[in-house]
Amino acid sequence: MTDSPRPRDPRTALVDRWRDTLLAARSGAPGPDPLPYAENLLARWDEPQRRYHTTAHLTAVLDRIDTLAGYAADVHAVRLAAWFHDAVYRPDRTENEERSAALAERALPEAGVGEAVTEEVARLVRLTVTHDPAEGDGNGEVLCDADLAVLAGSPQEYAAYAAQVREEYGFVPDEAFRAGRAAVLRQLLALPRLFRTPHGTAEWEARARHNLVTELELLGSSSDPR
């Protein structure tokens, strides 16, 4: 009887994914050891203020990009954008996406990535402010769909996601949080489509909208003084 192979440590798996993506994005160009860059990014994703925007979220986004890879023009750039899209995250600040994009613009050339790919990664990171890519923007559609797919979880998964978001904003009083969260939900629901790829539209759209409407109703009922 042979022993079953032990599953890889999740952190090791992420380091391997980073290395493979960075090397592919270099397109054969020389560059420094990928490991220090992975360690720096993972340290950011492990910061103590995070509850939802953690390495678990990063892994989920990367997994969804794998599912949607066929829709991307440059899936390596999309994967790099996933690594950077919440690399800078402070729930009490509003410029996280811009600072994350600026980090990519500094780090990727140093890591051996060419100018065109670096510019595309930064553009994609900034796109996660609105999650509203232009028609035909395959890279943007894949990243935004992968990032928003959490909205299409089961009721239990969605409830856990919503609770983690509330924990990240634990410093905000309940009434202010409900108002701010409701505004975010309404902004998402106002989009003509939450998901732009054919897979996202078919598999995630209806369930995500149901979850958003349900949370919005719960926020309203929890603010009712009766």
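Attention here is on the structure that accompanies the text.

Parameters and conventions
- Residues numbered from 1 in each chain as written.
- Predicted model: local features only at pLDDT ≥ 70, side-chain atom pairs only at ≥ 80, totals over all residues.
- Heavy atoms only, no water.
- 1 Å grid on protein atoms, 1.4 Å probe; cavity = no way out; pocket = protein on both sides within 12 Å on 5 of 7 lines; lining within 4 Å.
- Points joined across faces, edges and corners; volume = space filled by probe spheres on them.
- Helix = DSSP H or I, 4+ residues; strand = E, 2+ residues; numbered from the N terminus.
- Nonpolar A, V, L, I, M, F, W, Y, C, P; charged D, E, K, R; others polar.
- Patch = residues over 30% accessible without salt bridge, like charges linked within 9 Å, V, L, I, M, F, W, Y side chains within 5 Å.
- Areas by Shrake-Rupley, 256 points an atom, 1.4 Å probe, with all protein chains shown as cover.
- Salt bridge = Lys/Arg side-chain N within 4 Å of Asp/Glu carboxyl O.
- Lys, Arg positive; Asp, Glu negative; His and termini not counted.
- Charge placed at Lys NZ, Arg CZ, Asp CG, Glu CD.
- Buried < 20%, exposed > 50% of the residue type's maximum accessible area, 1.4 Å probe, protein only.
- Core = buried A, V, L, I, M, F, W, Y, C linked by side-chain atoms within 4.5 Å.
- Polar contact = N/O pair within 3.5 Å; in protein donor to acceptor, adjacent residues only side chain to side chain.
- Contact = heavy atoms within 4.5 Å.

1. A short note on the layout of surface pockets
There is about 960 Å³ of room inside the largest pocket. Together, 33 residues line the largest pocket, and H53, E97, Y169, R181 and V184 are the ones closest to its centre. Only α5 (96–110), α7 (138–148), α8 (155–168) and α9 (174–189) provide two or more residues apiece to the lining of the largest pocket. Element by element, the count of residues in the lining of the largest pocket is highest for α9, at seven residues. Taken as a whole, the second largest pocket spans an internal volume of roughly 300 Å³. Broken down by secondary-structure element, the contributors of at least two residues to the lining of the second largest pocket are α8, α9 and α11 (205–222). Counting residues per element, the lining of the second largest pocket draws most heavily on α11, which supplies seven residues. Here the residues of the lining of the second largest pocket are counted per class, giving eight nonpolar, four polar and four charged.

2. Observations regarding a positive patch on the surface
On the surface, a cluster of positive charge is contributed by R90, R93, R99 and R106. By the secondary structure assignment, R90 is in the loop between α4 (75–84) and α5. Accessibility expressed as a relative area gives 34% for R90, which makes it partly exposed.

3. A few points about the nonpolar core
Nonpolar side chains in soluble globular proteins tend to end up buried together. Counting 63 residues, the largest nonpolar core has W18, I65, W83, F84, L108, V121 and L151 as its most contacted members. Looking at this core, the element that brings in the most residues is α4, giving eight residues.

4. Thoughts on the side chain of R181
Along the polypeptide, R181 turns up in helix α9. Reaching out from R181, the side chain makes a polar contact with the side chain of E215 at a distance of 2.9 Å. Each residue touching R181, except ones within four places of it in the same chain, is listed here: Y158, Y161, V165, E215 and L219.

5. A look at the pattern of salt bridges
All chains considered together, the criterion is met by 17 salt bridges. When the shortest N-O distance is used, the salt bridge between R51 and E167 registers 3.4 Å. Here E167 lies in helix α8 and R51 lies in the loop between α2 (35–45) and α3 (55–68), a separation of 116 residues in the sequence. Owing to a relative accessible area of 39%, R51 belongs among the partly exposed residues under this scheme. A salt bridge links R193 to E135, with the nearest nitrogen and oxygen atoms 3.6 Å apart. Of this pair, R193 sits in the loop between α9 and α10 (198–203) while E135 sits in the loop between α6 (115–127) and α7, placing them 58 residues apart in sequence. When salt bridges that share partners are traced, they join R17, D63, D66 and R79 into one network.

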